[in-house]
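Letter by letter, the chains look like this.
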Amino acid sequence: MVIQMPDKVKEIIQTLVDHGYEAYAVGGCVRDSILGRTPGDWDITTSAKPEQVKQLFRRTIDTGIEHGTVTIMLDKDGFEVTTYRIDGEYEDNRHPKNVEFTSNLVEDLKRRDFTINAMAYNDKEGIVDKFRGLEDIESKIIRCVGNPDERFDEDALRILRAIRFAAQLDFAIESETEVAIEKKAKFLSNISAERIRVELEKLLMSKHPEKLIHAYRLGITEIVLPEFDKMMDTPQNMPSHIYGVGEHSIAAVQAVQSLFVNIPYVEDVKEQILFSLDHKLQAILCLTMLLHDCGKPSKRETDENGMDHFYGHAQESAVLAKKILRRLKYDNYTIDTATALIKYHDYPLTTDKTELRRAVNKIGVDLMELLFLVKEADSLAHAKDACESRLQSLYEVKEVYQEICIANDCLDLKDLAVTGKDLIEAGFEQGKLLGIILNQLLQHVLENPQDNKKELLLDIAKSLTN
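Here the residue numbers are simple positions, counted from 1 along each chain's written sequence. The model is predicted, so local features are restricted to residues of pLDDT at least 70 and side-chain atom pairs to those at 80 or more, both for listing and for counting; the totals for chains, interfaces and linings are taken over all residues. To obtain the side-chain values, all non-hydrogen atoms of the structure were used and water was disregarded.

Moving on to the packing of aromatic side chains. Put simply, two rings from Phe, Tyr or Trp (the six-membered ring, in Trp's case) pair if the centres are within 6.5 Å, and we call them stacked under 30 degrees between planes, edge-to-face over 60, tilted for the rest. All told, the structure shown has four aromatic pairs when counted by the stated rule. Plain terms: the ring middles of Tyr216 and Phe228 are 6.5 Å apart, the flat faces sit at 85 degrees to each other, and that makes the pair edge-to-face. With a gap of twelve residues between them, Tyr216 in helix H10 (residues 211-217) and Phe228 in helix H12 (residues 226-232) connect regions that are remote in the sequence. Residue class for Phe228 comes out buried when judged on its relative accessible area of 0%. Summarising the aromatic geometry, the rings of Tyr344 and Tyr347 are spaced 5.7 Å apart at their centres and angled 80 degrees between planes, so their arrangement reads as edge-to-face. Three labels apply to residues, based on accessible area from a 1.4 Å probe with only protein chains included: buried if under 20% of the type maximum, exposed if over 50%, partly exposed otherwise in between. Here Tyr344 falls in the buried class, since its relative accessible area comes to 10%. The partly exposed category is assigned to Tyr347, whose relative accessible area is 25%. Both a distance and an angle decide whether a charge sits over a ring: NZ of Lys or CZ of Arg must be within 6 Å of the ring centre and within 35 degrees of the ring normal. A cation over an aromatic ring shows up here: Arg164 above the ring of Phe165, its NZ or CZ 4.3 Å from the ring centre. Working definition: helices are DSSP H or I runs of at least four residues, strands are E runs of at least two. Numbering for both runs from the N terminus.

See below:
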């Protein structure tokens, strides 16, 4: 099999080979190429020591030179080149006590996590596959290289990576590997929140986020996301739901993923408002749907007819989600956006234009398009009748919202035709009263959008103080 490597990767490998060293593309880039996927990056492994690599290339960065990794810069592109190595004993399920360089490629490959990631390639020798990686790709299996207990003892994050790869590739986890996962899951408590976050996010954004339920069954989420276990253990005995809280939340993640290709937009006379969902925004929406009902377990009440109710769950979910996202070391923008969407995911919206303008003002103009996505995904994860009813109402509200946007109605203070400076120039004293007057004017305009004219608002302001 011939793998089409980028020219710069070929150049690096050929340069190393021309100087008497072995060199191969290795790991995920080989796996993805075999699967017909576009590799995110290209890693290179070589028999050359780090100082020997640095001598051969003009621009290098000591990315992790103590572990044998040097980044070679070709133009603006960086490529990690790592010397064949053997890891020493692991003491903390994270780091080896020492690293020993080797001249043997197979020794380097055998320390890797899964067989599908333990293959190397160059144009001369083709694919080097000593651990049945090709066979496991053909069988759609995630299998540890060698003894799974040893691999997970070396780095406990591999436990979560196994689930993540299964979700991204739609592979099954081999039985011995799965047994070891259940046995070793507790050691994920030794892994940093940042590393856990990366794997969880990739899992949620994969084509099969429902693999998180498998992680729950294997005892993984008990360590990395215990709130999800409570969600999985909370039923929803009500006509509008067919799933418990956990399954409903995963179905909502799947739904929001399916909506990415049809992002809501508003056509304006002057411009078209389009949301370009980059990686960050997709992550925020997936996190929102996962956690939008995380407060339900503590809010569950069952009436005399056996029906469940979750009064106040949206606010409770927002509070709990903020704690979870902070624990996972997310940035403030992600935390603030996701928790705001969670807080308002169940907020009632009406087709009455005045009430809808007030709702938009309360929620925030910047959130509305995302909130429509969240509400639609949430609806799709309900029982059939409830889903159809909720979607019909939502689409009607979206139509009215588009009309409001096309009319360019004022929805917040920055769109008000007068400012605090205008009021001061008109003779109003600076102070708290200015803010009160501006808010009163905004409330008037939300009800009477046609009155958003400077002179008219100044007259109304003067009448408010008489």
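To continue, consider the nonpolar core. The nonpolar side chains of soluble globular proteins are, as a tendency, buried together. Nonpolar core, defined: a set of buried Ala, Val, Leu, Ile, Met, Phe, Trp, Tyr and Cys residues in which side-chain atoms within 4.5 Å join the residues together. One finds Ile12, Ile142, Ile196, Leu212, Ile220, Phe228 and Leu290 to be the most contacted residues of the largest nonpolar core, which totals 112 residues. Any two residues having at least one pair of non-hydrogen atoms within 4.5 Å are treated as being in contact. Beyond its immediate sequence surroundings of up to four residues, Leu290 is in contact with Leu204, Leu212, Leu225, Phe228, Met231, Ser249, Ile250 and Val253. Grouped together as the second largest cluster of nonpolar side chains are 16 residues, Phe428, Leu442, Leu458 and Ile460 included.

A few words on the environment of Val224. By the secondary structure assignment, Val224 is in helix H11 (residues 221-224). The exposure class assigned to Val224 is buried, which follows from its relative accessible area of 6%. Each C-alpha atom of the pair Val224 and Ile196 lies 7.1 Å from the other, and the pair is 28 residues apart in sequence. Ignoring sequence-local partners within four residues, the contact set of Val224 consists of Leu188, Ile196 and Arg327.

This part takes up the pairing of strand E4 (residues 69-74). Across the six residues of E4, six count as buried, placing the element largely inside the fold. Every second residue of E4 is oriented toward a common face, with Thr69, Thr71 and Met73 on one face and Val70, Ile72 and Leu74 on the other, all of them buried. Here strand E3 (residues 60-64) runs beside E4; their pairing, made up of three bridges, is antiparallel. Residue pairing across strands places Thr60 opposite Ile72, the latter belonging to E4. Whether two strands pair comes down to DSSP finding at least two bridges between them. In this structure, the hairpin formed by E3 and E4 is closed by a connection of four residues, where Gly68 is found at a positive phi of approximately 90 degrees. Bridge analysis of E4 against strand E5 (residues 77-83) gives six bridges, and the strand direction is antiparallel. When the bridges of E5 are listed, Met73 appears paired with Gly78. The hairpin turn running from E4 into E5, its antiparallel successor, is two residues long, and Asp75 in that turn takes a positive phi close to 60 degrees.

What follows deals with the confidence of the model for the chain. Overall, the prediction assigns the chain a mean pLDDT of 93, with 94% of residues at 70 or greater. A low-confidence stretch, residues 263-276 stays under pLDDT 50, and its non-local contacts, those more than four residues away or across chains, total 27 contacts. The pLDDT value expresses, per residue, how confident the predictor is, ranging between 0 and 100.

Phi at Lys140 takes a positive value of approximately 55 degrees, unusual for a residue other than glycine. In this structure, Lys140 sits in the loop between helix H5 (133-139) and strand E10 (141-142). Here Lys140 falls in the partly exposed class, since its relative accessible area comes to 47%. Within the chain, Lys329 stands out as a residue other than glycine whose phi angle is a positive 65 degrees. Lys329 gets classed as partly exposed once you look at its relative accessible area, which sits at 47%.

All right, on to the state of the cysteines then. Note on terminology: disulfide describes a covalent bond linking the sulfur atoms of two cysteines. By definition, disulfides here are pairs of cysteine sulfur atoms that lie within 2.5 Å. What the rule picks out here adds up to zero disulfides. Take Cys294: it sits in no disulfide, and the sulfur closest to it among the cysteines is that of Cys286, at 15 Å. The closest cysteine sulfur to the non-disulfide-bonded Cys387 is located on Cys286, 18 Å from its own sulfur. For Cys387, a relative accessible area of 11% puts it in the buried group.

Between its first and last C-alpha, helix H20 (residues 384-406) extends 33 Å over 23 residues, near the 33 Å set by a 1.5 Å rise per residue. Among all positions of H20, only Ala386, Cys387, Leu391, Leu394, Val397, Lys398, Val400, Tyr401, Ile404 and Cys405 are buried. The first or second residue beyond H20 is Asn408, which carries a positive phi of 60 degrees. Multiplying one less than the number of residues by 1.5 Å gives the expected span of a helix.

What follows is about the sheet that holds strand E1 (residues 23-26). The seven strands lie next to each other as E3-E4-E5-E2-E1-E8-E9, forming an open sheet whose pairing is mixed. Bordering the open sheet on either side are E3 and strand E9 (126-128), each of which pairs with just one other strand. Each strand of the sheet is rotated relative to its neighbour by a mean of 35 degrees, with strand direction disregarded. Sitting on the sheet, helix H1 (residues 7-18) is in contact with E1, strand E2 (43-46), E4, E5 and strand E8 (120-122), with an inclination near 35 degrees to E5. Relative to the sheet, helix H2 (residues 28-35) contacts E1, E2, E8 and E9, its axis offset from that of E1 by approximately 65 degrees. Only the stretch in contact is used when fitting a helix axis, every axis being a line fitted to C-alpha atoms; angles between N-to-C directions are given from 0 to 180 degrees.

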